[in-house]
Amino acid sequence: MLFRSNIYVPHVGSQGYDHQTPVDKHPDILDIGCFGAIRPLKNHLIQAMAAMTFADELGKELHFHVNSTRLEQKGDNVYKNLKALFEGSKHKLVEHDWLLHESFHHLIRKMDFGLQVSFSETFNIVAADFVHLKVPIIGSNEIEWMSCLYKAKPTSLESIVNHLWLAKLGKSFGLHTLNNLGLERYNEEAIEVWKNFLHRSE
C-alpha cells in the first residue's frame, strides 16, 4: 500500500511545562495567530480581513500574528499585501521569527484563536499544536481530521467570521475539544498504519 508519510505521522505535543498556567491577557486586545510559511495557498489576506471584521464586531483591537521570515512560492507579494492592509489601521500586524517547537507553543498559548483556512493542506502541524494546547482554531476542509464545526470556506470572508463567532461561543461549552477527538482518532489510525507497514517489512 502506498501512502504519503506526512499524512500518517502521529502528532506529539511538547512536553516538560505546564499547559494550564494562566496567560495574562489585555481585555481590549484580540490575539489571532495565522502561523506557518507565507505563500499564496495559505490564504493569509482574506483571513486577516476576516479577523479584522471579527475584532471590529467585538469592539477590540486585533493583533494578527504571523511568521514573516519564511516566504515561499512568491509569498513576498502576499506579505506586502498584508503589510499594506494593516497600514493606517487601528489593528496591528505582529511578526514573529520561525521558532523552536516549545517556544512556538508558548506563543500559541497567548492567542485567543488560530486561523488555518488555507486552500491546500495535508496534516497541518500548526492546527494540531493549537488543538493540543486547547486554543480554538478555524481551518478548512483541507484538514481532514478537524471537526466540521471548525471548517470555514477559504473564499468566504463571511464564513470565516461566522466560524470565529462559533468558536467563541463554543469555548463556553468546550466544543473546541471536538478537534482533540479528531486528532486522537488520526493518531490512532497513523499508529496502526505504521505498525502494519513495519510488520510487512519484517
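Residues numbered from 1 in each chain as written. Predicted model: local features only at pLDDT ≥ 70, side-chain atom pairs only at ≥ 80, totals over all residues. Heavy atoms only, no water.

Quick notes on the packing of aromatic side chains
And then number 1: A complete count under the given rule lists six aromatic pairs for this structure.
And then number 2: The interplanar angle of 25 degrees and the centroid separation of 6.0 Å between the aromatic rings of Phe64 and Phe86 together place this pair among those described as stacked. Of the two residues, Phe64 sits in strand β2 (residues 61-67) while Phe86 sits in helix α2 (residues 75-86), which places them 22 residues apart along the sequence.
And then number 3: Taking the relative accessible area as the measure of exposure, Phe64 reaches 0% and is therefore buried.
And then number 4: Ring centres of Phe123 and Trp145 lie 5.9 Å apart, and the angle between their planes is 35 degrees; on these two criteria the pair is classed as tilted. Within this pair, whereas Phe123 is found in the loop between β4 (113-115) and α4 (125-132), its partner Trp145 is found in the loop between β5 (137-138) and α5 (157-171), the two being separated by 22 residues in sequence.
And then number 5: Phe123 gets classed as buried once you look at its relative accessible area, which sits at 8%.
And then number 6: Pairwise contacts between aromatic rings join Phe35, Phe104 and Phe130 into one cluster.
And then number 7: Against the face of Trp98 rests Arg70, its NZ or CZ located 4.5 Å from the ring centre. (Phe/Tyr/Trp six-rings, centres within 6.5 Å; stacked < 30°, edge-to-face > 60°. Helix = DSSP H or I, 4+ residues; strand = E, 2+ residues; numbered from the N terminus. Buried < 20%, exposed > 50% of the residue type's maximum accessible area, 1.4 Å probe, protein only. Lys NZ or Arg CZ within 6 Å of the ring centre and 35° of its normal.)

Topic: the pairing of strand β1 (residues 29-33)
Note on strand geometry: in a regular strand, side chains alternate between the two faces of the sheet.
And then number 1: Most of β1 sits inside the fold, with five of its five residues counted as buried.
And then number 2: Along β1, one buried face is formed by Ile29, Asp31 and Gly33 and the opposite face, lined by Leu30 and Ile32, is buried too.
And then number 3: Across five bridges, the pairing between β1 and β2 is parallel. Each residue of the ladder has a partner; that of Gly33, found in β2, is His65.
And then number 4: By the bridge criterion, two bridges tie β1 to β4 in an arrangement that is parallel. Bridge pairing links Gly33 to Gly114 in β4. (Pairing = 2+ DSSP bridges.)

Keep in mind that these numbers describe shape and distance, not what the molecule does.
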